[in-house]
Every structure is written in C-alpha cells, then in structure tokens.
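Structure assessment
This is what each chain is made of:
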Amino acid sequence: MHLIMILSALGTAIFIRLVVGKPQGNLSQQWQQTLLSFFFPPLLLLMTALAVLSMGYDGQMLGVQASWLGYLLAWLFIAIASFFGIKKAYQGWYTCRKVHLYPQQEVAQKQARILPILLPYSAQIGFWQPELVVSQGLLDTLDSEHLEAVLAHEQAHYDYRDTFWFFWLGWLRSFTSWLPQTEMLWQELLWLREIRADQKATQEVDSILLAESLLIFAKAPLLSPNEFCANFSCALPRNRLAERIEALLKEDMEVPNLTWAYCWSWTGIFFALLPWITVPLHYPR
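In short, a report on the structure. Because the structure is predicted, anything quoted here is derived from the model rather than measured. (Residues numbered from 1 in each chain as written. Predicted model: local features only at pLDDT ≥ 70, side-chain atom pairs only at ≥ 80, totals over all residues. Heavy atoms only, no water.)

Focus on a nonpolar patch on the surface
Which entries qualify depends on this criterion: A patch consists of residues exposed above 30% relative accessible area that lack any salt bridge, with like charges linked at up to 9 Å and nonpolar side chains (Val, Leu, Ile, Met, Phe, Trp, Tyr) linked at up to 5 Å. For the area figures, the Shrake-Rupley method with a 1.4 Å probe applies, and any residue is considered shielded solely by the protein chains shown. Here, a salt bridge means any Lys or Arg side-chain nitrogen found within 4 Å of an Asp or Glu carboxyl oxygen. Think of it this way: any DSSP run of H or I at least four residues long counts as a helix, any run of E at least two long counts as a strand, and we number them from the N terminus. The buried label applies to any residue whose accessible area, calculated with a 1.4 Å probe on protein chains only, is under 20% of its type's maximum; exposed applies above 50%, and partly exposed to all values in between.
Where nonpolar side chains cluster on the molecular surface, the patch consists of Leu-69, Leu-73, Leu-76 and Ile-80 and spans about 330 Å² of accessible area. Within the secondary structure layout, Leu-69 lies in helix α3 (residues 68–99). Residue Leu-69 is classed as partly exposed on the basis of its relative accessible area, which comes to 47%.

Regarding the packing of aromatic side chains
Applied cut-off: Pairing of aromatic rings covers Phe, Tyr and the six-membered ring of Trp, with a centre-to-centre limit of 6.5 Å; geometry is then stacked below 30 degrees between planes, edge-to-face above 60, and tilted otherwise.
Overall, the coordinates contain 15 aromatic pairs when judged by the stated rule. Where Phe-38 meets Trp-186, the ring centres are 5.7 Å apart and the plane angle is 35°; that geometry is what we call tilted. Placement of the pair is Phe-38 in helix α2 (residues 27–55) and Trp-186 in helix α7 (residues 182–201), with a sequence separation of 148 residues. Of the two residues, Phe-38 and Trp-186, neither departs from the other in class, the shared state being buried.

Quick notes on the side chain of Thr-176
Our working rule: Polar contacts, as used here, are pairs of N or O atoms within 3.5 Å; protein pairs need one atom able to donate a hydrogen and one able to accept it. Residues neighboring in sequence count only if both atoms are side-chain atoms. Between two residues, a contact is recorded if the distance between any of their heavy atoms is within 4.5 Å.
Mapped onto the secondary structure, Thr-176 falls in the loop between α6 (162–175) and α7. Judged by relative accessible area, Thr-176 falls into the buried class, the value being 1%. Of the polar contacts made by the side chain of Thr-176, one reaches the backbone oxygen of Leu-172; its length is 2.5 Å. Excluding residues that lie within four positions of it along the chain, Thr-176 makes contacts with Pro-42, Phe-77 and Thr-182.

Some words on helix α5 (residues 144–159)
Put simply, the rule reads: Here the expected span of a helix is defined as 1.5 Å times the quantity of residues minus one.
Helix length check: α5 (16 residues) gives 22 Å between terminal C-alpha atoms against 22 Å at 1.5 Å per residue, within 8%. Within α5, burial applies to His-146, Leu-147, Ala-149, Val-150, Leu-151, Ala-152, His-153, Glu-154, Ala-156 and His-157. Residue Asp-143 occupies the N-cap position of α5, its side-chain oxygen lying 3.2 Å from the main-chain nitrogen of Glu-145. The positive-phi residue at the C-terminal boundary of α5 is Arg-161, with phi of around 55°.

Notes on helix α1 (residues 2–18)
Put simply, the rule reads: Summarising the geometry, the arc corresponds to the directions from the helix axis toward the C-beta atoms.
Helix length check: α1, at 17 residues, gives a terminal C-alpha distance of 24 Å against a target of 24 Å (1.5 Å per residue), a fit within 8%. Those residues of α1 that fall on the buried side of the exposure criterion are His-2, Met-5, Ile-6, Ala-9, Ala-13 and Arg-17. In an axial view of α1, the angular spread of the buried residues amounts to 95°, which keeps them on one side of the axis. α1 presents Leu-7, Phe-15 and Leu-18 as exposed residues on the side facing more than 90 degrees away from its buried surface.

Structural notes on the environment of Arg-244
Inspection of the secondary structure assignment puts Arg-244 in helix α9 (residues 238–249). In contact with Arg-244, not counting residues within four places along its chain, are His-153, Trp-191, Glu-194, Ile-195, Asp-198, Leu-214 and Phe-232. Looking at Arg-244, its side chain comes within polar contact range of the side chain of Asp-198, at 2.7 Å.

What about the sheet that holds strand β3 (residues 104–107)?
Note the cut-off: A pair of strands is treated as paired once DSSP finds two or more bridges between them. Angles run from 0 to 180 degrees between N-to-C directions of axes, and those axes are lines fitted to C-alpha atoms, restricted for helices to the stretch in contact.
An order of β3-β4-β6-β5-β7 is seen for the five strands of this open sheet, with the pairing classed as mixed. Looking at which strands have only one partner, the edges of the open sheet turn out to be β3 and β7 (229–231). Along the sheet, successive strands turn relative to each other by an average axial angle of 40°, direction set aside.

Description of the nonpolar core
Taken as a class, soluble globular proteins show a tendency for nonpolar side chains to be buried jointly. This is how it is decided: Nonpolar core, defined: a set of buried Ala, Val, Leu, Ile, Met, Phe, Trp, Tyr and Cys residues in which side-chain atoms within 4.5 Å join the residues together.
Phe-38, Phe-39, Leu-46, Leu-169, Phe-175 and Leu-189 are the most contacted members of the largest nonpolar core, which totals 40 residues. Listed by contribution, the elements that provide at least two residues to this core are α1, α2, α3, α6 and α7. The element that contributes the greatest number of residues to this core is α2, accounting for 15 residues.

A word on a negative patch on the surface
Operational definition: Counted as positive: Lys and Arg. Counted as negative: Asp and Glu, with His and the chain ends omitted from the count. The atoms used to mark charge sites are NZ of Lys, CZ of Arg, CG of Asp and CD of Glu.
Taken together, the side chains of Asp-143, Glu-145, Glu-148, Asp-159, Glu-204, Asp-206 and Glu-212 present a region of like negative charge at the surface. Looking at the negative patch, the element that brings in the most residues is α5, giving three residues. Along the chain, Glu-148 falls in helix α5. Given the relative accessible area of 45%, Glu-148 is considered partly exposed.

Looking at the pairing of strand β6 (residues 131–135)
For β6, the buried fraction is high: five of the five residues fall into the buried class. Both faces of β6 are covered, namely the face carrying Glu-131, Val-133 and Ser-135 and the face carrying Leu-132 and Val-134. Pairing between strand β4 (residues 110–115) and β6: three bridges, direction parallel. By the bridge assignment for β6, Arg-113 is matched with Val-133. Where strand β5 (residues 122–125) meets β6, four bridges bridge the pair, whose relative direction is antiparallel. When the sheet's bridge partners are listed, Ser-122 is paired in β6 with Val-134. Count of turn residues in the β5/β6 antiparallel hairpin: five residues, of which Gly-126 carries a positive phi of about 145°.

Regarding the pattern of salt bridges
For the structure shown, the criterion picks out six salt bridges. Residues Glu-131 and Arg-113 are paired through a salt bridge, measuring 3.1 Å at the closest nitrogen-oxygen approach. Placement of the pair is Glu-131 in strand β6 and Arg-113 in strand β4, with a sequence separation of 18 residues. There is no split in this pair, since Glu-131 and Arg-113 are both buried.

This is how it looks when you write it as structure tokens:
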C-alpha cells in the first residue's frame, strides 16, 4: 500500500508539471500559477514520503499489506532531500562567513559590505536578515541617483525576505530537478521576484533611473547567483531583461496583488498535507 501511495503522488506530481504551460494573465495571476506549480509537486512527494516513514514498513492499510519497497523508497527520497538541504545550508553559511570578511561602510545612508571587484554588483546575501553587498566597481560606475535606485531595489528584496523564501524554494528545486518544467518555473519565479522588487523600488525612486541602472548592469558579465542571494543583476535570459526594462518604462506599472498568491500557496500546502490523513488507516501487525 505504501508503494501505491508513493506511485500515486509521483504520478500526480508529474501530471501537474506536464500540464503546466507558460503562466498567463496579469502579474498577480502569474505569481499564483508559477508559485503553486513550482512548489506543490515536490512538497506532495515530500509529505507522502514522510507519511510512509511515520507508518513504518510493517502492518496493513485498508486490508493491503505494507511493503519494504515503498518504505525504502521513502527513506531514499528523504535522505536525498536531507543531503541537499544540509549542502545548501552549509553553502549559505560559508558564503555569509566570507561576506563578513569584507569591510563594511556606509553607502547612501545604508550599511554595506564592499567587494573589491571592478564589475558592478549589488546583492542581499544571507537568510532571514541578509546583508547588503556592493562592489567597488558599482560605486565607481554609478552616480548617486542611479546608486540610490539600485539600493532601493535591494531594500525591496530585504523587505520581502526574498533570500529566505528562495532558499527553501531552491532546496525544493535541488532534489526534484528531474520533474518536468522545473527549470522553466524557476526562471519564471526569478523574473517575477525581480519585477516585484522593481515595482516596490519605483515607489521611492524614478523608474527611468532604475531602468538605466539595469542597462548598465546588463552590459557587465553576471556573477553566478544562488538561492540565498538576491541581486539586482539577476542572471536572467536577455529577453527577460528586456521585458523587465519594458515593465519599468510603462507609465502604469502594474502592482502585483500577492495576497491571492499567498492564499493559493496555503491552499497548495493544505493539499500537499493530505497524505497524512492516511496515517490513521495504517494498522501495525
């Protein structure tokens, strides 16, 4: 019976990903579709595996004998997920430790770590309370107005706790990268994250300045990003960068209504927890 549960969850996860197309509608609807399609399948697999482990390999469910095979598969899946979680947590800790070695100074009335590189670069690096990191090349390249625009974008990442939430989303991505459409949905989430930060930044600075700053960053090679780093020069395909600039230049830039997106996320979490209702149906021998 455990094997049936695992195969059912796997089939559901693959089916959902196979029917996923490019998100449609306004930005709020795209957030809902992309976020739910991305995290629900791996979370369903994770909850199913944990439910199977909690029941053990012995006993029956609805008259069907539990098997070692389903139990071992669940253990293997949890072990792989745990390995990637520990690995990413260590990488995040190591990166934060390295960042703390760089000098800190005030930049446009904000405390920032200064990277001694010539490329223009800015990012929030960390988990729940990330640190602002900028390069010396950024300080040498941008004037005060464009620098303020970039820092407003980074402040938006801080306010939304993007480094924290995308660490967990990145963890789900790491051990279920074999599911269909994983990379497409991940890139879409990164793009939507940047659009959201841009929109919030334009409440404080001129959108033209932000667009001009993005063009300057686009001309420089992009540093490799990770899940605990939210950077202005996010490594998106060039066509998505063009879409981001176009969105900034619109006079009536849309404000994503994330309330509904979060409601749909909680709905997805509820359905992902459904495998746990089978636990009382399991009877040990």
